[in-house]
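Commentary on secondary and tertiary structure
The residues making up each chain are set out below.
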Number of protein chains: 2
Amino acid sequence: MNRIERILEGFDPVSNGLDEDFVLTKLTGMKGCGCKVPRNVLLQLLQTFKTDLVINNDEVDIGLDSCVIPLRHPGLRLVQTTDFFYPLIDDPYIMGRVTCANVLSDLYAMGVSECDNMLMLLAVAIDLNEKQRDIVVPLFIQGFKDAADEAGTKIRGGQTVRCPWLLLGGVATSVAHESEIIKVDQAVPGDVLILTKPIGGQVAVNSYEWIKKKNGKIEELNLEIPKIEKAFKQVCEQMSRLNRNAAKLLHKYDAHSSTDVTGFGLLGHAENLARVQKQPMEFIIEKLPIIEYMDEIADKMIAKGGEGFKLYQGTSAETSGGLLIAMSEENAKKYIAELSSLDNAPAWIIGKVTAKTTDSSIARILPDAVRISVPSHI
Amino acid sequence: MNRIERILEGFDPVSNGLDEDFVLTKLTGMKGCGCKVPRNVLLQLLQTFKTDLVINNDEVDIGLDSCVIPLRHPGLRLVQTTDFFYPLIDDPYIMGRVTCANVLSDLYAMGVSECDNMLMLLAVAIDLNEKQRDIVVPLFIQGFKDAADEAGTKIRGGQTVRCPWLLLGGVATSVAHESEIIKVDQAVPGDVLILTKPIGGQVAVNSYEWIKKKNGKIEELNLEIPKIEKAFKQVCEQMSRLNRNAAKLLHKYDAHSSTDVTGFGLLGHAENLARVQKQPMEFIIEKLPIIEYMDEIADKMIAKGGEGFKLYQGTSAETSGGLLIAMSEENAKKYIAELSSLDNAPAWIIGKVTAKTTDSSIARILPDAVRISVPSHI
Ligand SMILES: [Mg+2]
Ligand SMILES: [Mg+2]
Ligand SMILES: [Mg+2]
Ligand SMILES: [Mg+2]
Ligand SMILES: [Mg+2]
Ligand SMILES: [Mg+2]
């Protein structure tokens, strides 16, 4: 059974030897990127590193998603990233794939498509009994490994401890020639912005949780369960899809800037990327590709006085989201055509780059941004 | 205040802005290396990697403590290791130093003294209130950073999440020329075994916990608190001491084999090292350098029917322990003399290497092994 077939079939605990009511996402109090120490707190806590841990510094080049370190060996850079978090879906196998894809994504965001080594980080929840552990952990590892195989890399180290929560993560490292790394600070006015996966992941994962939890949210918002289930499969597919082809094509089509969209949401990462440009630029988002039906859920939540996961503000968290890229319009069209055929999934031009004036923001979503409802392609 | 002064002074929560009863080690249910998934369980769970995650395989060279990966670039190897665990002492600053020293130790064990990059891994305990967090985390980071500075490396990435337990760790990576890496499988009969830090760390840390917990153990075993407190400072010093000089001298004195002594204890790591030798060898341990008074505690526990932390069996866990090295006797004496003067701390010849016969073990501690009581040098 391949990745897509497995997602479409869904995870059945019983046929995997687990009890009917076994739910992986119960093994954590926080899901996916929701576990991160808030950005402002983190920056405060990391003051100590002010000279070491730098973004946009000459010494480390521009390490936006990964750190990039000049080595003692001429022309070579160490490109490295780590990520760990907690389960946000119930199939341990797909969760393993998502974890691996999410770790690799920060290399891919910098155009580095060859990962030389991965480490797997794992904390096994102490609430798992031995039987559960011996089912869940190998499934997770298999998923992680299959994703690494697909990425042409291997896992050759790691650490495994016990912990109250199931913690999943990894380290991806590439020793790359400087030419393998995309310069991320070269956006120019007239560039367009590409997004390679739709947003709405947090809405999909959470609304699917409401079904499982039977917490009344489905009824309260009058939601259609089959549509949520379909969106959940869609987000599982895109979270477990590697951004590797997207990374390779950055070189072919001369990307001027790129990052991946994860915990800070589309606008958060657009801001991060705009901020590091050599010339002051504004990134303007004119279109919002959204996983089908997730916009309706957000609308209904907002109608009831909620924030709708801040989906339209662009700060709804994505896990293993797509790349956000600036390149010329002509190349963008070719990039999208080629990527879509390779990945069998759409990508979009969602905005443009303009010169920043004193008054303009560094990144914004137009108030009348067009919403594109993206149906599942699986 | 330098590292030694700080250890000698001890950690006072109040003068650090914390409540009198604040105890860092309460932020975890498991201490130090005790959190590891047991080795046999782990090997079972890692079956999936049988072709990838290999010890003693041509492709990854002999990656005993770190993985060693041939790169796409001629002559270069990626040497990488990760470790994370939970606090086992109460001073967050010293704990940061211990964490960093422990991560680096697996590079040093392979003779790699130049670390090109570190990542810091941190899960902030959800039980910490904001005030505690803003005191404890910066102290931890400062300790980690100071140790990295001392190691001539920098921390340029990492991940920070929230978790029920305070999880501390890191990743150390070196892109090294193959000549920088010690061959670990070259032990020959006649070699002696060197140990660069005494054992007994687990006894010291745990007996110190008994004092804090007031759990009656001190009275039951009729122990002398000042001696335990002294041993605790001694173990804090040695856990926070880098094995970097020990690593550099491996090259100068032509070490035939080396590893670091951590979670599996002296005998466990001696077995791991003996097992990977090119020619079948037996590692025989004739002397046990033990932190002063820790042998008496073990004796008293054994007299009461306990196992004494399996100190004499050689499986008592060490955190950030010393290097265990095989080299010629002549070189060993010089190695110890030079290392002792650099680190201002003793090291010992503790045994010998002989050819393995069909009947012999791969590693053992002689039943009449001489115990060396090692007083604190700070
Ligand atoms: Mg990123
Ligand atoms: Mg990262
Ligand atoms: Mg990331
Ligand atoms: Mg080791
Ligand atoms: Mg290690
Ligand atoms: Mg280690």
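On a predicted model such as this, the values are computed, not experimentally measured, just so you know. (Residues numbered from 1 in each chain as written. Chains lettered and ligands numbered in written order. Predicted model: local features only at pLDDT ≥ 70, side-chain atom pairs only at ≥ 80, totals over all residues. Heavy atoms only, no water.)

**Quick word on helix 11 (residues 329-343) of chain B**
All names here are of chain B. Taking 1.5 Å as the rise per residue, helix 11 with 15 residues should run 21 Å; its terminal C-alpha atoms sit 21 Å apart, in good agreement. Every buried residue of helix 11 is listed here: N331, A332, Y335, I336, L339 and D343. One side of helix 11 holds all its buried residues, which, seen down the axis, span an arc of 135°. Of the residues in helix 11, the exposed ones pointing more than 90 degrees away from the buried face are E330, K333 and S341. Within two residues after helix 11, N344 carries a phi angle of roughly 55°, on the positive side. (Helix = DSSP H or I, 4+ residues; strand = E, 2+ residues; numbered from the N terminus. Expected span 1.5 Å × (residues − 1). Buried < 20%, exposed > 50% of the residue type's maximum accessible area, 1.4 Å probe, protein only. Arc of directions from axis to C-beta.)

**Description of the coordination of the magnesium ion (ligand 5)**
Residues and elements named next belong to chain B. Only T81 (OG1) and D106 (OD) from the protein coordinate the magnesium ion (ligand 5), and they sit 2.3 to 2.5 Å from it. Metal-to-metal, the separation of the magnesium ion (ligand 5) and the magnesium ion (ligand 4) is 5.4 Å; D106 coordinates the two. Of this pair, T81 sits in strand 2 (residues 76-85) while D106 is found in helix 3 (residues 92-108), placing the two residues 25 residues apart along the sequence. D106 shares its class with T81; the two are buried. (Donors = N, O, S within 2.8 Å, 3.2 Å for Na, K, Ca; no water.)

**Considering the environment of L195 of chain A**
Locating L195 of chain A in the fold gives a position in strand 6 (residues 192-195). Setting aside chain neighbours within four positions, we find L195 of chain A in contact with V261, L266, P289, L323, A347, W348 and I350 of chain A. (Contact = heavy atoms within 4.5 Å.)

**A few points about the domain arrangement of chain A**
All names here are of chain A. Domain assignment breaks chain A into domain 1 (3-180) and domain 2 (192-374). The straight-line distance from the C-alpha centre of domain 1 to that of domain 2 is 21 Å. On the domain 2 side, the residues contacting the 38 residues of domain 1 number 32 residues. Both sides together, the interface formed by domain 1 and domain 2 hides about 2900 Å², and carbon and sulfur atoms give 60% of it. In this structure, the connection of domain 1 to domain 2 is made through three salt bridges. (Domains from an automatic or database assignment. Buried area = accessible area lost by both parts, 1.4 Å probe. Salt bridge = Lys/Arg side-chain N within 4 Å of Asp/Glu carboxyl O.)

**Brief notes about the sheet that holds strand 7 (residues 257-260) of chain A**
Think of a sheet as strands paired side by side through backbone hydrogen bonds, with each pair either parallel or antiparallel. Residue and element names in this part refer to chain A. The six strands are arranged 7-9-6-10-8-11 in an open sheet whose pairing can be described as mixed. Every other strand in the sheet has two partners, leaving strand 7 and strand 11 (363-374) as the edge strands with one partner each. Strand-to-strand twist in this sheet, taken as the mean axis angle between neighbours without regard to direction, amounts to 20°. Pairing geometry for strand 7 and strand 9 (residues 323-327), over four bridges, is antiparallel. Of the residues in strand 9, the one forming a bridge with S257 is A326. Across the sheet, helix 11 (residues 329-343) lies against strand 6, strand 9 and strand 10 (348-355), angled at about 140° from strand 9, the strand it touches most. (Pairing = 2+ DSSP bridges. Axes fitted to C-alpha atoms, helices over the stretch in contact; angles between N-to-C directions.)

**Remarks on the side chain of S174 of chain A**
Assignment of secondary structure puts S174 of chain A in strand 5 (residues 167-177). Reaching out from S174 of chain A, the side chain makes a polar contact with the side chain of R72 of chain B at a distance of 3.4 Å. Sequence-distant contacts of S174 of chain A, that is, excluding residues within four places in its chain, are made with R77, L78, V79, L107, V112, E114, C115 and D116 of chain A together with R72 of chain B. (Polar contact = N/O pair within 3.5 Å; in protein donor to acceptor, adjacent residues only side chain to side chain.)

**Some words on the UniProt feature "site: Important for catalytic activity" in chain A**
Mapped onto this structure's residue numbering, the UniProt feature "site: Important for catalytic activity" falls at K36 of chain A. Take K36 of chain A: it is sitting in the loop between helix 1 (3-9) and helix 2 (39-45). The exposure class assigned to K36 of chain A is partly exposed, which follows from its relative accessible area of 26%. Beyond its immediate stretch of four places on either side in the chain, K36 of chain A contacts D83 of chain A together with Q159, T160, V161 and R162 of chain B. (UniProt positions renumbered as here; feature names shortened; annotations may be inferred.)

**A short note on the interface of chain A and chain B**
Listed by partner, the interface residues are 67 residues for chain A and 66 residues for chain B. Here chain A and chain B share an interface that buries about 5900 Å² over both sides, 66% of which is from carbon and sulfur atoms. Of all residues in chain A, R72, R156 and R162 of chain A give up the largest surface area on contact with chain B, accounting jointly for 12% of the area buried on that side. Between R72 of chain A and E180 of chain B there is a salt bridge, and its shortest N-O distance comes to 2.9 Å. On the surface where chain A and chain B come into contact, there are 20 residue pairs in polar contact (both at pLDDT 80 or more). The set of elements that each furnish at least two residues to the side of chain A that touches chain B consists of helix 2, strand 1 (67-70), strand 2 (76-85), strand 3 (117-125), helix 4 (130-150), strand 4 (155-163) and strand 5 of chain A.

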